[in-house]
Amino acid sequence: MFTKSAIELVKEIRQTDSIPHYNDTNIKLAINEINVLYEELLQVLMANGNEKSQPYYLSNSMTYFSVIYRDKRCVLAYLNERLKRIKEYRWSSGNGLLPDQLKEKLSQDEIQFFSDYDKNLTDYNIKVGLDLTVDPQPPKDLYVEVRVIKELGQVVLNSGATVTLNLNTTHFLKRSDVSNLISQGSLEHIV
Amino acid sequence: MMDNEYNTQLDNDENNLLNKLKTIWINEKFAPNLLDYQNEIISNVMEKIEEKEALCTEGIQNKSHQFTADIYEMEIERLKYIVKCYLRLRIKKIDQFYTSVLKESQSNTELLSQHELKYTERYKSYMDEYFKKTILSSLHKDHSTMSPDHYLEPQLNTWVFCKPKENLGEYLIDEDTIDFKKTSIYFVKYRPIKDLVQAGRMDLI
Amino acid sequence: MEENIGLTPNQIEFLAEDTIITIVPNFKMESLIFLSGEYGPFIPSFPVKVPLWLAVSLKKKKKCNIVPPEWMSFDYLEQQYIQENRVTDGFVDLPDNFIEISTMLLSSCPEDINDVNKIRSLIEDILNRRQSKLNNSLMNHLQSLKDNEPISTMEFKNFSMMEINRVRSSFVSGINHLYKIQSLDNNDNNSNNNNNNINRTQSNSQTASRSIYSNTINFSK
């Protein structure tokens, strides 16, 4: 069936909110379908000279064109949706590191894109002097109570102070000092 | 009577820097398209933040000032939060609509800050390169570009809640004549009031 | 993207925290100069105006008492409640953000508020009344629609941001949906939403393409 592999791609990405394994096979199949059909189409158009404006040939060309258009559109939608999720991951994680279990689901080009995107966003953050990816909640108090959920040991905070953040200990610290560690998942805000 | 006191305060407040900052954030929040970058307000606010941060660091040396420094620091945190929300919304819109943003920025130099422009150009080049590598370069040259309908455009035909900053008089919205009054809130189609929002005569809420 | 749906309740509360309120401090401090203006000087027992966020923070540190705004008195609220019940399709005038302000004050300084329990339940009553009035008005409005009328502007008065935010997502997405159906009816091009002139004539074919009536509705008191 025409466009089968391309439509599968779209279905696959719609089934989940996370990032599924990159489906290289179906992308190649869809690209191949486009190229094969277009070759055939060109040949038909060349071979039939005057007759190509006949309904028979016209409907044939129309079908080929729509299949090509749909294939391309589906593949682009699939790729674009994945990029969108990869970008969202960069925002919610607050840093440019890809964990292994995510990395193995991405294509080489996607890993490259993530690193380009991260660099661009980080550069922008540095230039405006604010990290836009941390602190999505409005500030309530200057100090927040946090629990350490990943062993950090001795840490130098933005303000210059040094604290020892051992696993499972709780601390009362300046929000601006710890918001980064909270979004990285090292600390947990106790409400 | 009783709410008079309340209202005078709000009126006085309208032109202070904080309210201007909040307004541009909320407008950006509810406008479907990217609005012009409010350079003057943002650089004023950032300047004030730096001044105050310097003040706070001085305060730390002096224990008796710590209490005051903490209060200023709370204000700084609040201001930074709004600036971040504002800039973040803009970057997210740029990510979505980068092609139309770049196109508009050629004729409208107010649209993007200098850093945003740089960001957008680089973003576009990464996106272009990515799609070229993954699909476009494998296709026949007749199909090796993106067509305009592959790009997202802001949805200007959406609906918004808005509040005129002053009595604006009558405007023709589609076939209806609407008398925009300062005291009312309107639920209206965005496209016809887009320019009023951009010109700062109407606020989105 | 989740950011585009509306403001979070936390953000609305954050915005309301800049409302000016009177406190009675128990400490001495020079004036504070904020972006929104100058506050102080702070002298023990002398009432002074400050933003709500500062009031709440000082209160937590037991550095002040908060003077509730005049509208948060039992008599005034009761009057407003009676008024709210009397008019069926408008809202009485209460300060913008009265919901968040009263919630914050009721939780941070209940001991500074006279009749605190009565006020708490009165505010709840007013809120419920307004919510059901709003729902009814919108329902009536939708039910009064004639077929084939284009969607147009609506006008409201005395509507707080929190209340707008509550109806926003269903309102906007509902109307956008109707609008899309309308434009699909007339326009086969569904590839993007950027067509400049949406054709506003209607097809009669489906009930789904029924649209929202065009007159301005006014929720004045």
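Per chain, residue numbering runs from 1 following the sequence as it is written. By the order in which they are written, chains take letters starting at A while ligands take numbers starting at 1. Predicted model: local features are reported for residues with pLDDT of at least 70 only, side-chain atom pairs are reported and counted for 80 or more only, and whole-chain, interface and lining totals are derived from all residues. Where side-chain values are given, they derive from all heavy atoms of the structure, hydrogens and water being excluded.

Some remarks on the interface of chain C and chain B
Put simply, an interface is often sized by how much accessible area is lost when its parts join up.
Moving on, step 1. Any two residues whose heavy atoms approach within 4.5 Å are treated as being in contact. In this complex, chain C contributes 63 residues to the contact, which on the side of chain B involves 57 residues.
Moving on, step 2. Between chain C and chain B the total buried area reaches about 5700 Å² when both faces are included, carbon and sulfur atoms providing 59% of it.
Moving on, step 3. Whenever Lys or Arg places a side-chain nitrogen within 4 Å of a carboxyl oxygen from Asp or Glu, that contact is recorded as a salt bridge. If you look at where chain C meets chain B, you find 4 salt bridges.
Moving on, step 4. Between Lys-22 of chain B and Asp-18 of chain C there is a salt bridge; the shortest N-O distance is 2.7 Å.
Moving on, step 5. Throughout this description, a polar contact denotes any pair of N or O atoms lying within 3.5 Å of each other; where both atoms belong to protein, one of them has to be capable of donating a hydrogen while the other can accept it, and for residues adjacent in sequence the pair is counted only when both atoms sit in side chains. For the pair chain C and chain B, the interface holds 12 residue pairs in polar contact (both at pLDDT 80 or more).
Moving on, step 6. Secondary-structure elements contributing two or more residues to the side of chain C that touches chain B are helix H1 (9-16), strand E2 (32-34), helix H2 (52-60), strand E6 (154-156) and helix H6 (161-186) of chain C.
Moving on, step 7. Per the convention used, a helix needs a DSSP run of H or I reaching at least four residues, while a strand needs a run of E reaching at least two, with both numbered from the N terminus. Among the elements that make up the side of chain C that touches chain B, the one with the highest residue count is H6 of chain C (10 residues).
Moving on, step 8. Here the nonpolar group is Ala, Val, Leu, Ile, Met, Phe, Trp, Tyr, Cys and Pro; Asp, Glu, Lys and Arg are the charged ones; every other residue, Gly included, is treated as polar. The class makeup of the residues in the side of chain C that touches chain B is 31 nonpolar, 19 polar and 13 charged.
Moving on, step 9. Two strands pair under a simple rule: DSSP has to find at least two bridges between them. When strand E4 (residues 185-189) of chain B meets E6 of chain C, the two strands line up antiparallel, connected through 3 bridges. Among the inter-strand pairings, Tyr-186 of chain B is bridged to a residue of E6 of chain C, identified as Glu-155 of chain C. Throughout, the accessible surface (probe 1.4 Å) given up by two parts as they are put together, summed over both, is called the buried area.

Description of the domain arrangement of chain C
All names here are of chain C.
Moving on, step 1. What fixes the domain bounds is an automatic or database domain assignment. Per the domain assignment, the segments making up chain C are domain 1 (7-67), domain 2 (68-141 + 154-159) and domain 3 (171-212).
Moving on, step 2. Each of domain 1 and domain 2 has a C-alpha centre, and the two are 23 Å apart.
Moving on, step 3. At the junction of the two partners, domain 1 supplies 12 residues and domain 2 supplies 11 residues.
Moving on, step 4. Counting the surface lost from both domain 1 and domain 2, the interface buries some 1000 Å², and carbon and sulfur atoms represent 71% of this.
Moving on, step 5. Our enumeration of links across domain 1 and domain 2 arrives at 2 salt bridges.
Moving on, step 6. With a shortest N-O distance of 3.0 Å, Glu-111 and Lys-59 are connected by a salt bridge.
Moving on, step 7. Where domain 1 packs against domain 2, one counts 3 residue pairs in polar contact (both at pLDDT 80 or more).
Moving on, step 8. Every element with two or more residues in the side of domain 1 that touches domain 2 is listed here: H1, H2 and strand E5 (64-67).

Section: the sheet that holds strand E1 (residues 159-164) of chain B
Moving on, step 1. Here 4 strands make up an open sheet; going across it, the order is E5(B)-E1(B)-E4(B)-E6(C) and the pairing antiparallel. At either end of the open sheet lies a strand with only one pairing partner, and these are strand E5 (202-204) of chain B together with E6 of chain C. The average angle at which neighbouring strand axes cross in this sheet is 35°, direction not considered.
Moving on, step 2. Note: E1 of chain B against E4 of chain B, 4 bridges, orientation antiparallel. Residue Cys-162 of chain B lies in a different strand from E4 of chain B, and its bridge partner there is Tyr-186 of chain B. Orientation is described by axes fitted as lines to C-alpha atoms, over the contacting stretch for helices, and by angles from 0 to 180 degrees between their N-to-C directions.

Comments concerning the UniProt feature "domain: DNA replication complex GINS protein SLD5 C-terminal" (unreviewed entry) in chain B
Moving on, step 1. UniProt positions are given in the numbering used here, feature names are shortened, and annotations may be inferred rather than shown by experiment. The UniProt feature table records "domain: DNA replication complex GINS protein SLD5 C-terminal" (unreviewed entry) at residues 154-205 of chain B.
Moving on, step 2. End C-alpha atoms of residues 154-205 of chain B are separated by 18 Å, and the span's content is 17% helix alongside 46% strand.

Side note on the UniProt feature "domain: DNA replication complex GINS protein PSF2 N-terminal" (unreviewed entry) in chain C
Moving on, step 1. Within the UniProt annotation, "domain: DNA replication complex GINS protein PSF2 N-terminal" (unreviewed entry) is assigned to residues 8-67 of chain C.
Moving on, step 2. Across residues 8-67 of chain C, helical content stands at 28% and strand content at 33%; the span's end C-alpha atoms are separated by 28 Å.

A look at the packing of aromatic side chains
Moving on, step 1. Ring pairs are drawn from Phe, Tyr and Trp, using the six-membered ring of Trp, whenever the two centres fall within 6.5 Å, and their geometry is named by plane angle: stacked under 30 degrees, edge-to-face over 60, tilted for the rest. One pass over the structure, following the stated rule, counts 24 aromatic pairs over all chains.
Moving on, step 2. Aromatic pair Trp-25 of chain B and Phe-14 of chain C: ring centres 6.4 Å apart, planes at 70°, arrangement edge-to-face. Here Phe-14 of chain C lies in helix H1 and Trp-25 of chain B lies in helix H2 (residues 17-30), a pairing that spans two chains.
Moving on, step 3. Owing to a relative accessible area of 1%, Trp-25 of chain B belongs among the buried residues under this scheme.
Moving on, step 4. Whether a residue is buried, partly exposed or exposed follows from its accessible area with a 1.4 Å probe, protein chains only, as a fraction of its type maximum: under 20%, in between, or over 50%, in that order. Judged by its relative accessible area of 1%, Phe-14 of chain C is buried.

Section: the pattern of salt bridges
Moving on, step 1. As enumerated under the stated definition, the model contains 32 salt bridges over all chains in all.
Moving on, step 2. Of the charged contacts in the structure, one is a salt bridge between Arg-78 of chain B and Glu-17 of chain C, with a shortest N-O distance of 2.6 Å. With Arg-78 of chain B in helix H4 (residues 66-107) and Glu-17 of chain C in the loop between H1 and strand E1 (20-25), the pair connects residues from two separate chains. When sorted by exposure, Arg-78 of chain B lands in the same class as Glu-17 of chain C, which is buried.
Moving on, step 3. A salt bridge links Arg-90 of chain B to Glu-116 of chain B, with the nearest nitrogen and oxygen atoms 2.7 Å apart. Of this pair, Arg-90 of chain B sits in helix H4 while Glu-116 of chain B is found in helix H5 (residues 114-134), placing the two residues 26 residues apart along the sequence.
Moving on, step 4. Judged by relative accessible area, which is 0%, Glu-116 of chain B ranks as buried.

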